Structures are given as structure tokens and as C-alpha cells.
Amino acid sequence: MKKLKMSATKGLTFEEGCNKYLEYCRQRNLREGTIRHYRQSYGYFYKYFDKNMLVEDIDVNTYKDYVLHLKSTLDNDVSINSYLRDFITTIHFFMDEGYIPHFKMQAIKVDKNHIETYNEQELQLLLKKPNIKECSFTEFQCWVMTNFLFSTGVALCNGLGLAHII
């Protein structure tokens, strides 16, 4: 059975709608960092959208135009998707509140960058045991940790340096 919804009042501006979404985020007890992130994204939205634009005027073409704007102003697909996710989340809030009809939106496809791995010669050089009588303690320590990481598959966590693992 379909839910009944009250008809939302007309005349909500884009800025007022964004502020309502931030209020909704606070009600859901989202972290302050998340809310700050949305505020930052809204600053970027306002460079393209008029703050006084009515929310009811937003449609699928508005979304498509914004995607093209992001693609022409940003060269990083990850950044584009970050702004798009924030926009899509906000627009879904407007849809759920009954300000605009539902339409489909999705983030753009991101090409993954290939990470260069070590070639055979580089691995041999990296894993070659140093002369214990001539090397410094730090050089030996780095060799031990590098071998440990390569042989076990353990990864670094939380950006800690190698010395923090052992």
C-alpha cells in the first residue's frame, strides 16, 4: 500500500532546502565533520546554482547540466563524484520530502588508475640483505621490516610508519 504524504509547501529556495537538509543531518546525529563537508559542497553548488532558485524547478535536466558543468570545471573524476554524491543525496532528500518528483541520478564512472608495481630488478635490490657489519641499524631495520611485509602480506594501517608496526 502506498504511503500518504502531506503536500510540501511551495516556494522553497535551493539555499533554504540545503539548510533543511543540514538540519535533517543534525537530527540524524551525523558527525560535525560530515555536516561541514556538506556545507563546503553547498558552497560549490552555489557557484553554479542560484541560491534563490526554487527547489521545485530542479529536474533530471538540472542534474545532467550540473554533471556537465563539473566535468568541464574539474579534471578529477573522484572529485566530480564527491560533489555529485552530495548533490544526489540532497536532491533525494528533496524528493523524499515531496518537494520534487523522483527521478534517477547516479555518479559517473571512474577509471581506476593502474598502480605501478616493482619490477624484478627493483625487488631483488630491495630484498637484498645488507652487510650487517657495514650497514647502519636503520638500514638493517628497514630491510627486516620490508621482508616481513612482503613475506606476510601485512599492510600498513592508519598511516603509521614502518617502525610502528613491530
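For the structure, check the block above.
Residues numbered from 1 in each chain as written. Predicted model: local features only at pLDDT ≥ 70, side-chain atom pairs only at ≥ 80, totals over all residues. Heavy atoms only, no water.

> Help me out: how do you make sense of the nonpolar core in this one?
The nonpolar side chains of soluble globular proteins are, as a tendency, buried together. If you look at the biggest cluster of nonpolar residues, it comprises 35 residues, and the most contacted ones within it are Phe14, Tyr66, Ile91 and Phe94. Within the residue set of this core, elements represented by two or more residues are helix 1 (14–27), helix 2 (32–48), helix 3 (60–73) and helix 4 (77–96). Examining the composition of this core, we find that 9 residues originate from one element, helix 4, more than from any other. Among all residues touching Phe14, those that are not within four sequence positions of it are Phe45, Tyr46, Phe49, Asp50, Lys51, Met53, Val55, Ile58, Phe87 and Phe94. (Core = buried A, V, L, I, M, F, W, Y, C linked by side-chain atoms within 4.5 Å. Buried < 20%, exposed > 50% of the residue type's maximum accessible area, 1.4 Å probe, protein only. Helix = DSSP H or I, 4+ residues; strand = E, 2+ residues; numbered from the N terminus. Contact = heavy atoms within 4.5 Å.)

> How do you make sense of helix 1 when you look at a structure like this?
Note: α-helices contain 3.6 residues per turn, so residues at a spacing of three or four share the same orientation. Across its 14 residues, helix 1 extends 20 Å between first and last C-alpha, which sits within 8% of the 20 Å expected from 1.5 Å per residue. Inspection of helix 1 places Phe14, Gly17, Cys18, Tyr21, Leu22 and Cys25 among the buried residues, and these make up the whole buried set. Buried residues of helix 1, seen end-on, are gathered within an arc of 145 degrees and therefore sit on one face of the element. Tucked inside the fold, the buried residues of helix 1 contact helix 2 and helix 4. Where helix 1 terminates, the next one or two residues include Asn29, which has phi positive at roughly 65 degrees. (Expected span 1.5 Å × (residues − 1). Arc of directions from axis to C-beta.)

> Please explain the side chain of Thr90 as it appears in this structure.
Locating Thr90 in the fold gives a position in helix 4. Residues in contact with Thr90, not counting those within four places in the same chain, are Cys18, Tyr21 and Tyr42.

> Help me understand a negative patch on the surface in this model?
On the surface, a cluster of negative charge is made up of Glu56, Asp57, Asp59 and Asp65. Residue position: Asp65 is located in helix 3. Taking the relative accessible area as the measure of exposure, Asp65 reaches 40% and is therefore partly exposed. (Patch = residues over 30% accessible without salt bridge, like charges linked within 9 Å, V, L, I, M, F, W, Y side chains within 5 Å. Areas by Shrake-Rupley, 256 points an atom, 1.4 Å probe, with all protein chains shown as cover. Salt bridge = Lys/Arg side-chain N within 4 Å of Asp/Glu carboxyl O. Lys, Arg positive; Asp, Glu negative; His and termini not counted. Charge placed at Lys NZ, Arg CZ, Asp CG, Glu CD.)

> For this particular structure, what's the right way to read the pattern of salt bridges?
Side chains carrying opposite charge are able to pair once their charged atoms draw close together. Per the counting criterion, the structure on display carries 2 salt bridges. We note a salt bridge from Glu15 to Lys51, for which the minimum N-O separation is 3.9 Å. With Glu15 in helix 1 and Lys51 in the loop between helix 2 and helix 3, this residue pair connects regions lying 36 residues apart in the sequence. Between Arg39 and Glu32 there is a salt bridge, with its nearest N and O atoms 3.5 Å apart. Of the residues examined, Arg39 reaches a relative accessible area of 37% and is grouped as partly exposed.

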